[in-house]
Structure formats: structure tokens, C-alpha cells
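# Per-entry structural report
Now for the letters of each chain:
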Amino acid sequence: WLWDFAGQPDYRLIHQLFMDETALALVVIDPQRTDPFDSLGHWEKALKVAVKTDPVKLLVAARCDRGGIMVSRGKVDQYCCDKNYIKYRDTAAKTGDGCRRLLAAIAALALKFIDFGAVARAVLSIDTPHLLAILVLATLDRVLMAWKWRQLLRAVEIDISFRLTLSIYYQGSIISYVPMMVVG
């Protein structure tokens, strides 16, 4: 499952109920803060307490198009080393900068957790008419959801093409089927 916990302190207790089987955690920082790592102590402690095994952790800076990260890359690398993050990625959803690299890193890591034999056996056990119905309905669902997201983006004056919206939505959908946890 893919969970986005955002940073609302009011829900932190509830978050821990969903963290026990975390395999991959994307910990998101605000790069414009003087100390972007200041708020991560809670999430790192929550992961240690709630998760049975040590999850793979990626450190992600969001909205880097608003001025970049305020600390040096050396400080980021040192933090990642000290806190056992395997990668750091800076991103900007509005411009798309870094998003494909982040998606590729997630996909590469997520593939380690998939039992492809079990997936193949499950798919092969579905008869053809049902499999086609599943594919048609899933495709229609993704197209309609991408259209909805494009409308929402346009409402806040972010105008991207439907093709790009659909591409991003499909990529996100593929990743969300892999058991992982996103915190930020």
C-alpha cells in the first residue's frame, strides 16, 4: 500500500497504526527551511517503534523549484549517512524536475519486494474474459482519475497536458500497488 501521512501532528498517533509493515519510506523535507531535518525526528522515531524490520528510507526534498535547498549538499549527504537513508532526491512537482529520477529509484527498490512468481500464478489463474474486463475497467478508472486530477490542477492554475497527467497518474498507480509507506 502507498500511504501519504503528510505532517499533521494531530494524526501522528493514528499514523503508527499503518506503519508496521513498511518496506520503503519516502521521508519528505521542506528544502526552504533553515534546518530541513528538524521535523524528521518524529518520523524516524515512529518508524523505529512501529516497523518490525528496518525499512529502506529515501530522503526527498519537495518543491525545490522555489529556491533550492537551504543547506549544503554535504550536510544532506552527512544526514543521510548518519540516519541510514540510502538515497537523497530533490524534486519539484510543478516543473517535474527530479520526479522521474525519484520514480525510477522507487521502482528499482520496490522490485526487490515483489514475488514475481506469485504474481504470474495469480494472473494466469484468471480466465480470459475476466482478465479483459479487469484490464478495461482498470484503464477506464485510470483515465477518469487522471482527468479529475488535471481538472484539479487547472483549478489552481497549473496547466499540464492530459497526456502528461495520464502518464504521471499511471506511473503513480503502478508504484502504489507495491507495499510501501510514504511519510513526510
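Cut-offs used in this document
Residues numbered from 1 in each chain as written. Predicted model: local features only at pLDDT ≥ 70, side-chain atom pairs only at ≥ 80, totals over all residues. Heavy atoms only, no water. Helix = DSSP H or I, 4+ residues; strand = E, 2+ residues; numbered from the N terminus. Buried < 20%, exposed > 50% of the residue type's maximum accessible area, 1.4 Å probe, protein only. Contact = heavy atoms within 4.5 Å. Core = buried A, V, L, I, M, F, W, Y, C linked by side-chain atoms within 4.5 Å.

## Quick notes on the environment of T91
As for its position among the elements, T91 is in the loop between β3 (87–90) and α4 (99–110). What makes T91 buried here is its relative accessible area of 8%. Distance in space between the C-alpha atoms of T91 and D65 is 7.8 Å, their sequence separation being 26 residues. Beyond its immediate stretch of four places on either side in the chain, T91 contacts V60, A61, A62, R63, C64, D97, G98, C99 and L102.

## Quick notes on the nonpolar core
In terms of nonpolar packing, the biggest core is built from 19 residues, with I29, F37, L40, L59, V76, Y85 and Y88 touching the most fellow members. For this core, the elements supplying multiple residues, two or more each, are β1 (24–29), α2 (40–50), β2 (56–61) and α3 (73–83). The residues contacting L40, other than those within four sequence positions of it, are V27, V28, I29, L59, Y79 and Y85. In this structure, L26, L58, L102 and L109 belong to the second largest nonpolar core, which totals seven residues.

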